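A closer look at the structure
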Amino acid sequence: MEAETKERIAIVGSGLIGRCWAMLFARAGYFVSIYDIDSEQVKGALAATLPMLLDMESRDLLGGQKASDIQKQIQGTNQLEEAMQGAIHVQECVPESVDLKKRVFAQLDEHASDTVVLSSSTSCIVPSLFTEGLKHRSQCIVAHPVNPPYYIPLVELVPAAWTNPDVVRRTRALMADIGQAPVTLNKEVNGFILNRLQYALIMEAWRLVEDGVCSPEDVDTAMVEGLAPRYSFMGIFETMHLNADGMKDYCERYGANIKTVCETQSPARDLSGRTLSVVDDAMQRKVPVSGLGDRRKWRDRRLAALAVHKMMMKKEEAKSINP
Ligand SMILES: NC(=O)c1ccc[n+]([C@@H]2O[C@H](COP(=O)([O-])OP(=O)(O)OC[C@H]3O[C@@H](n4cnc5c(N)ncnc54)[C@H](O)[C@@H]3O)[C@@H](O)[C@H]2O)c1
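Residues numbered from 1 in each chain as written. Predicted model: local features only at pLDDT ≥ 70, side-chain atom pairs only at ≥ 80, totals over all residues.

Looking only at helices and strands, the protein has 13 helices and eight strands in total. Taken over the C-alpha trace, the protein has a radius of gyration of 22 Å; the compact-globule value for 323 residues is 20 Å, and the two agree within 12%. When its C-alpha atoms are laid out on the principal axes, the protein stretches across 60 × 50 × 45 Å. Burial statistics for the protein: of 323 residues in total, 28% are counted as buried. Nonlocal contacts in the protein, meaning residues at least 24 apart in sequence, comprise 66% of its contacts between residues at least 6 apart. (Helix = DSSP H or I, 4+ residues; strand = E, 2+ residues; numbered from the N terminus. Rg over C-alpha atoms; globule rule 2.2 N^0.38 Å. Buried ≥ 20, exposed ≤ 12 C-beta atoms within 10 Å, placed from the backbone. Contact = placed C-beta atoms within 7 Å.)

This part takes up the packing of helix α8 (residues 194–210) against helix α12 (residues 273–286). Running from N to C, α8 and α12 point in directions that differ by 100°, and their axes come no closer than 10 Å. Considering their axes alone, α8 and α12 lie roughly perpendicular with respect to each other. On the side of α8, the interface is formed by Trp206, Val209 and Glu210, while α12 contributes Thr275, Val278 and Val279. Among the residues making up the contact of α8 with α12, the classes are represented as four nonpolar, one polar and one charged. (Axes fitted to C-alpha atoms, helices over the stretch in contact; angles between N-to-C directions. Parallel < 35°, antiparallel > 145°, perpendicular 65-115°, else oblique. Nonpolar A, V, L, I, M, F, W, Y, C, P; charged D, E, K, R; others polar.)

The next subject is the nonpolar core. Core analysis: the biggest nonpolar cluster contains 54 residues, and Ala10, Ile11, Val12, Ala22, Phe25, Val32 and Val90 have the highest contact counts within it. If one sorts the elements of this core by residue count, helix α1 (residues 16–27) sits on top with eight residues. Sequence-distant contacts of Val32, defined by excluding residues within four places in its chain, comprise Ile9, Ile11, Ala22, Phe25, Ala26, Gln73 and Ile74. (Core = buried A, V, L, I, M, F, W, Y, C linked by C-beta atoms within 7 Å.)

The next subject is unusual backbone geometry. In this structure, the amide linkage connecting Asn147 to the following residue, Pro148, adopts the cis form with an omega of -5°. Inspection of the secondary structure assignment puts Pro148 in the loop between β6 (140–145) and β7 (154–159). Of note in this structure, Asp60 is not a glycine but carries a positive phi near 60°. In this structure, Phe192 takes a positive phi of about 50° despite not being glycine. With respect to the secondary-structure elements, Phe192 resides in the loop between β8 (181–184) and α8.

Quick look at the domain arrangement of the protein now. When its domains are assigned, the protein resolves into domain 1 (8–184) and domain 2 (194–286). Computed over C-alpha atoms only, the centres of domain 1 and domain 2 are separated by 33 Å. (Domains from an automatic or database assignment.)

Moving on, we come to the sheet that holds β8. Strands sit in the order β3-β2-β1-β4-β5-β6-β7-β8 across an open sheet of eight strands; the sheet is mixed. Every interior strand has two partners, whereas the edge strands, β3 (74–77) and β8, have only one. If you compare each strand with its neighbour and ignore which way they point, the axes differ by 25° on average. Here five bridges tie strand β1 (residues 8–12) to strand β4 (residues 87–92), and the two strands are oriented parallel to one another. Directly across from Val12, in β4, lies its bridge partner Glu92. (Pairing = 2+ DSSP bridges.)

A word on helix α11 (residues 247–262). Taking 1.5 Å of rise per residue, 16 residues should cover 22 Å, yet α11 covers just 19 Å from first to last C-alpha, more than 12% shy of that figure. In α11, a bend of some 55° at Tyr254 exceeds every other bend along the element. (Expected span 1.5 Å × (residues − 1). Bend = angle between axes of the 7 residues up to and from the residue.)

Taken together, 22 residues lie near the ligand, and Gly13, Gly15, Ile17, Ser123 and Asn147 sit nearest. Of all the secondary structure elements, the ones that give two or more residues to the shell around the ligand are α1 and β6. In terms of residues, the shell around the ligand owes the most to one element, α1, which gives three residues. The class makeup of the residues in the shell around the ligand is nine nonpolar, ten polar and three charged. (Near = placed C-beta within 6 Å.)

Bringing the pairing of β6 into the picture now. For β6, a buried count of six out of six residues is recorded, marking the element as mostly surrounded by other parts of the structure. Along β6, one buried face is formed by Cys140, Val142 and His144 and the opposite face, lined by Ile141, Ala143 and Pro145, is buried too. Sheet topology places strand β5 (residues 117–120) next to β6; three bridges connect them, and they run parallel. Across the sheet, residue Ser119 finds its bridge partner in β6, namely Ile141. For β6 and β7, the ladder comprises five bridges, and the chain directions are antiparallel. By the bridge assignment for β7, Ala143 is matched with Leu157.

Right, let's talk about the environment of Lys102 for a bit. Topologically, Lys102 is positioned in helix α5 (residues 98–111). Given 16 C-beta atoms within 10 Å, Lys102 falls into the partly exposed group. For the pair formed by Lys102 and Gly63, sequence separation is 39 residues and the distance between their alpha carbons is 37 Å.

Structure below.
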């Protein structure tokens with residue numbers, strides 16, 4: 001199966017996340033131009049994408065396409081203007097700094113057509129902080145991926161107050177078209193959705209250890225063997241809905257107790273001091289810092305296997321709806 005060739009996408013910043021975006025857009029048939037301030041980074045990105053695509057091909061995650069064909073859809077350039085020429089969407093992937101994002105978005109603004117979407121990969125900077133004074137500010141949005149995006153498809157879309165709703169709609173449609181799972185925030189909030197949920201868990205895990213309730217290892221076991229299996233294919237609200245006779249019944253039965261427990265979960269703690277030593281010792285026993293590289297490879301293999309499983313699940317569900 002070959003994806004039809006679609007419009008052009010520009011990637012600005014060809015580090016870890018820029019390379020991933022390039023593969024995702026190219027896999028869906030878009031023509032991708034990668035720009036970086038450092039020409040060696042562009043060369044590195046072009047060299048790094050083929051092995052990653054081959055790995056995805058071996059897991060049947062390219063929809064029957066050949067890695068080498070997808071690679072041909074990706075080109076590099078050292079000229080921002082050239083990268084943006086004719087692009088319908090620019091995905092900025094430069095390091096996480098408000099000042100740098102401001103400078104780069106000012107450059108994007110100079111070369112932008114009146115229709116191109118200017119999208120940032122920022123993990124935690126709200127778009128109003130770096131787009132306010134721009135001529136094309138209504139075309140700016142955040143599209144925050146999760147690493148590695150080809151195995152974890154969530155993309156958080158965060159508009160500023162001045163982002164044109166049509167830009168939000170077009171970006172959401174584009175993300176769905178490349179096989180990602182977009183979610184849209186209606187307004188800016190620190191941490192977006194994913195990190196607000198993640199930080200709530202981190203804080204409670206910390207509190208349990210700090211208050212001597214249990215060990216760091218047992219917190220992680222509770223997550224991996226308890227909460228995570230369901231959450232990998234079903235969300236928080238659906239889990240509640242299924243754990244009683246529907247959502248209303250769940251809230252009637254458990255709501256008061258949940259509120260009582262949650263009232264004991266403040267204030268926020270500092271992630272430092274003696275608890276940091278306890279948690280760090282536990283993690284070092286499990287994975288010494290020297291072994292992090294191998295463990296990350298193991299994590300990515302498990303994520304790849306999970307992505308294959310979820311792809312099969314979606315195919316089976318689609319078949320049962322349209323036999
Ligand atoms: N790494 C992750 O896990 C992750 C996940 C989600 C989102 N993000 C976000 O993606 C963005 C990029 O992160 P990364 O991890 O890919 O960073 P990175 O350091 O791997 O890559 C950044 C790239 O930007 C280039 N660059 C620097 N200044 C530039 C400029 N003025 N113009 C063009 N290119 C420039 C660098 O040469 C480098 O190649 C950040 O905003 C980050 O928060 C990262």
